[in-house]
Amino acid sequence: MQIQTSKVIFMLNPAQLPDVVAELYNKSLDVLTSLRERAAAQRSGPKSLPRFSISTAADLVGRTSAAIREAEKEGRLPSNERTHSGRRIGYTLQQVNEMRAAFGTKPWRHPDDPVAVIAVQNFKGGVGKSTISVHLAQHLATKGYRVCLIDCDSQASSTSLFGYVPDLDLEESDTLYPFFREEEMSSLAYAVKATHWDGLYLIPSNLRLYAAEYELAARVSRGQPLLLDRLAQGIASISEAFDVVVLDPPPALGTISLSVMRAANALMIPTPPTVMDFASTTSFLAMLYETISTLNENGLPVALNWIKMVASRTDEQKSMQREILGLMRNLYGDSMLRSVLRDSAEIDNATARLMSVYELEQPVTSRETHNRALTHLNGVNNEIEIEIRKTWPSHAERLAKEGIL
Ligand SMILES: Nc1ncnc2c1ncn2[C@@H]1O[C@H](COP(=O)(O)OP(=O)(O)OP(=O)(O)O)[C@@H](O)[C@H]1O
Ligand SMILES: [Mg+2]
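Residues numbered from 1 in each chain as written. Chains lettered and ligands numbered in written order. Predicted model: local features only at pLDDT ≥ 70, side-chain atom pairs only at ≥ 80, totals over all residues.

K.L.:
Please clarify how the overall build of the protein chain should be interpreted in this entry.
P.N.:
When helices and strands are tallied, the protein chain shows 16 helices and seven strands. For a compact globule of 405 residues, the expected C-alpha radius of gyration is about 22 Å, and the protein chain comes in at 23 Å, within 12% of that figure. Taking the principal axes of its C-alpha atoms as reference, the protein chain extends roughly 90 × 55 × 45 Å. The buried share among the 405 residues of the protein chain stands at 39%. Contacts spanning at least 24 positions in sequence make up 77% of the contacts within the protein chain whose residues lie at least 6 apart. (Helix = DSSP H or I, 4+ residues; strand = E, 2+ residues; numbered from the N terminus. Rg over C-alpha atoms; globule rule 2.2 N^0.38 Å. Buried ≥ 20, exposed ≤ 12 C-beta atoms within 10 Å, placed from the backbone. Contact = placed C-beta atoms within 7 Å.)

Have a look at this one:
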């Protein structure tokens, strides 16, 4: 018996379809706006960072607490504010950076060292790309580097984590879009926004960037492959001011992802250790090979200083995940970070508040879970920091002293 496929007994009226979808979109946007308002209301005010105690500040600056106190007493540093009861209220990141300037301990690259342009890429959705991008960018800014996070995804997850409602607060002109569209533009500086993290800048995204994807694809296929170089050109136009640029791409192989690969000089590949994700990552590696070949053939070579797999959203309680994690470690060896990013309720809860774990003043779950999440995030981020510094000749001596090189 043959199944009739031509007769449809129920169908949305094609003429009304755009309205139906628009209504669903508007309803979702309303809910999203109130969810975001609720997340903002859970915070005491505008986005801010927890302050650092003097001992943490001392660690971050690379001097002792006593040296900081002495500099304050001698007036080389402004004295730290105190509460009515005389307790120090802690240091902001900006004050920590002022201390770094006073003590000469800024970790910036030498102007001749290459800016690190790191793509956190995997075509699979939901593997933790945006989570890793945001925490990496914030971690590096805390360490005193000058960082630019570029949200290349029209879903704008990273942008949201910086407190924006992407489709309400931001215009197309705040995103990468104009730079992709208008070839005569020579600088991306128009899109770089300061954030509440001293030293960390953001190029935000919103849904309009989706249109850029299509426009670029059409123009590239009409014989303008050099447009895949636009993002690299844009980054070159602002890179002097930064040590690290972090790229958070969309979960798909499109023209923006190709542009990201062309622009990057380092690659992090987050992979949860499950069979499905391992399969996706294997396909991603095959596509990456094709992508690199295609770009090379078009005179746009891809040059990567390092590639690091990172096991993300890992649950080592699950025997299957432990097994796949072991397999990945054997297979990838040094191409895989030793630290893993565990699946953590604290990360999930922070995201629900549109915050990073680094921004939480108090644990959302328990102190233990919070600290465990921090240990994992810091483990991953510290390893990446070393990979970045290894590409900077001006850091070679310091790395040798630290026993790393
Ligand atoms: N280690 C983790 N523990 C718990 N939740 C996590 C972890 N990593 C990511 N998540 C959650 O998983 C969801 C997807 O993460 P994220 O947005 O970072 O993935 P993505 O790869 O950027 O997704 P997309 O492909 O859609 O851009 C988010 O809700 C995030 O909070
Ligand atoms: Mg994402």
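K.L.:
Is there a simple way to think about the site of ligand 1 in this case?
P.N.:
The full set close to ligand 1 counts 19 residues, and Gly125, Ser130, Thr131, Pro251 and Thr351 are the nearest of them. At the level of secondary structure, the elements contributing two or more residues to the shell around ligand 1 comprise helix H5 (129-142) and helix H14 (345-352). Residues that form the shell around ligand 1 fall into these classes: four nonpolar, 10 polar and five charged. (Near = placed C-beta within 6 Å. Nonpolar A, V, L, I, M, F, W, Y, C, P; charged D, E, K, R; others polar.)

K.L.:
What am I meant to see in the sheet that holds strand E6 (residues 266-271) here?
P.N.:
By way of backbone hydrogen bonds, the strands of a sheet pair with one another, either parallel or antiparallel. Here seven strands make up an open sheet; going across it, the order is E3-E4-E2-E5-E1-E6-E7 and the pairing mixed. Taken across any chain shown, the strands that pair with only one partner, and hence form the sheet edges, are strand E3 (193-194) and strand E7 (306-311). As paired elements, strand E2 (residues 147-151) and strand E4 (residues 200-203) share four bridges and run parallel to each other. For Leu149, the partnering residue across the bridge sits in E4 and is Leu202. (Pairing = 2+ DSSP bridges.)

K.L.:
Is there a simple way to explain the pairing of E2 in this structure?
P.N.:
For a regular strand, side chains alternate in direction, first toward one face of the sheet and then toward the other. With respect to burial, E2 is a largely interior element, five of its five residues being buried. Covered by surrounding structure in E2 are Val147, Leu149 and Asp151 together with Cys148 and Ile150, the residues of both alternating faces. Sheet analysis places E2 next to strand E5 (residues 244-248), joined by five bridges and oriented parallel. Across the sheet, Ile150 pairs through a bridge with Leu247, a residue of E5.

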